[in-house]
Each structure stands twice: as C-alpha cells, then as structure tokens.
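# Architecture at a glance
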Amino acid sequence: MDLSKHDYILNLYDFYHNLLTLKQQEYFESYYYMDLSLSEIAQSFNLSRNAIFDQIKKVEEKLLNYEEKLKLYQKYIKIKEVVKDDSLNETILDILKE
C-alpha cells in the first residue's frame, strides 16, 4: 500500500471508526497504529493470520464505502481550503466527527 492510501485510510478511520465494531477497531488499531504484524495480531486474538487479513481488508472497504456515501472527509478538506483559521478548522473537525 502506498503512503498516500495509507494516510487516506487513517484519515477515514478518524472520521468513521465509531461505525465499526469494537473488534474491527481493535484489529485496525493493532495493525495501523501499533504497527503489529498480521501474525502478531492473529496470535493475540487467537485467530488465523488470514482471518485478521480479511478483517482488516473488510474494515478498509467499509471506510471507503462510508466516505463514498457520506463524504465527511471530503467536506472537511473543502472547508479547510476555504477557512484559513486553524482554531476554526479544529472546531469544524470536531463538529464533523460528532
């Protein structure tokens, strides 16, 4: 996965993580934030490496699907381009994430 897609997925997770199950959040965060390998995650959850791989791919697909339908991240980027005040951008980001 190239860096830009990696960053994009992380940004989408920031917006839509509450729409995922707790297990999906745990798998995703273990892989993306804690930088654990699929084998390490599988061992800690007592699952197969392939099961973890499938779950992470499903989460990525869900995040892309949510953005396709809701466009919260896309709207935030457009607002950020228009509004140059950083503190106001943070307020807008907080509102969009509610």
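Below: a short report on this structure. The structure presented is a predicted model; accordingly, all values stated were derived computationally and were not measured. One numbering rule holds for all chains: residues counted from 1, following each sequence as written. Note on the predicted model: pLDDT of at least 70 is required for a residue's local features to be given, and 80 or more for side-chain atom pairs to be given and counted; whole-chain, interface and lining totals, by contrast, use all residues. Working from all heavy atoms in the structure, the side-chain values ignore hydrogens and water.

### Topic: the pattern of salt bridges
By salt bridge we mean one thing: a side-chain nitrogen of Lys or Arg within 4 Å of a carboxyl oxygen of Asp or Glu. Per the stated rule, a full pass over the model turns up two salt bridges. One salt bridge in this structure joins Lys57 and Glu60, with 3.1 Å as the shortest N-O distance. With Lys57 and Glu60 both in helix H4 (residues 49–70) and three residues apart, this pair spans about one turn of that helix. Relative accessible area decides the class of each residue, using a 1.4 Å probe on protein chains only: under 20% of the type maximum gives buried, over 50% gives exposed, and in between gives partly exposed. With a relative accessible area of 31%, Lys57 lands in the partly exposed category. Only DSSP runs of H or I with at least four residues qualify as helices, and only runs of E with at least two residues qualify as strands; both kinds are numbered from the N terminus onward.

### Let's talk about the side chain of Glu67
Following the sequence through the fold, Glu67 ends up in helix H4. Within the buried core, Glu67 has no salt-bridge partner, and the shortest N-O distance to an opposite charge, that of Lys71, equals 6.8 Å. At 3.3 Å, the side chain of Glu67 and the backbone nitrogen of Leu72 are in polar contact. For this count, His and the chain ends are skipped, Lys and Arg are scored as positive, and Asp and Glu as negative. Polar contacts here mean pairs of N or O atoms no more than 3.5 Å apart (in protein, one a potential hydrogen donor and the other a potential acceptor; neighbouring residues in sequence count only if both atoms are side-chain atoms).

### Some remarks on the environment of Glu90
Looking at the secondary structure, you find Glu90 in helix H6 (residues 86–97). The spacing of Glu90 and Glu40 is 50 residues in sequence and 35 Å in space, taken between C-alpha atoms.

### Here we look at unusual backbone geometry
Trans is the common state for peptide bonds, and a negative phi is the common state for residues other than glycine. In this structure, Asp35 is a non-glycine residue whose phi angle is positive, near 55 degrees. Here Asp35 shows up in the loop between helix H2 (22–32) and helix H3 (38–45). On the accessibility criterion, Asp35 (66% relative accessible area) is exposed. Here the phi dihedral of Lys71 falls at roughly 55 degrees; this positive angle occurs in a residue that is not glycine. Following the sequence through the fold, Lys71 ends up in the loop between H4 and helix H5 (72–82).

### Topic: the packing of aromatic side chains
Note on aromatic pairs: the rings of Phe, Tyr and Trp (six-membered ring only in Trp) are paired at centre separations within 6.5 Å, and the planes decide the class, stacked below 30 degrees, edge-to-face beyond 60, tilted for the rest. This model, assessed by the stated rule, comprises 11 aromatic pairs. Here the aromatic rings of Tyr13 and Phe28 are separated by 4.1 Å at their centres, their planes lie at 15 degrees, and the arrangement is stacked. Of this pair, Tyr13 sits in helix H1 (residues 3–16) while Phe28 sits in helix H2; the two residues are 15 residues apart in sequence, bridging distant segments of the chain. Of the aromatic side chains, those joined through ring pairs into one cluster are Tyr8, Phe15, Tyr16, Tyr66, Tyr73 and Tyr76.

### Description of the nonpolar core
Counting residues in hydrophobic clusters, the biggest one holds 25 residues, and the most contacted among them are Phe15, Tyr16, Phe28, Ile52, Ile56 and Leu63. Broken down by secondary-structure element, the contributors of at least two residues to this core are H1, H2, H3, H4, H5 and H6. For this core, the element with the most residues is H1, which contributes six residues. Look past the residues within four positions of Phe28 in its chain and what remains in contact with it is Ile9, Leu10, Tyr13, Tyr33, Val59 and Leu63. Nine residue types can take part in a nonpolar core, namely buried Ala, Val, Leu, Ile, Met, Phe, Trp, Tyr and Cys, and a core is a set of them joined through side-chain atoms within 4.5 Å. It only takes one pair of heavy atoms within 4.5 Å for two residues to be counted as in contact.

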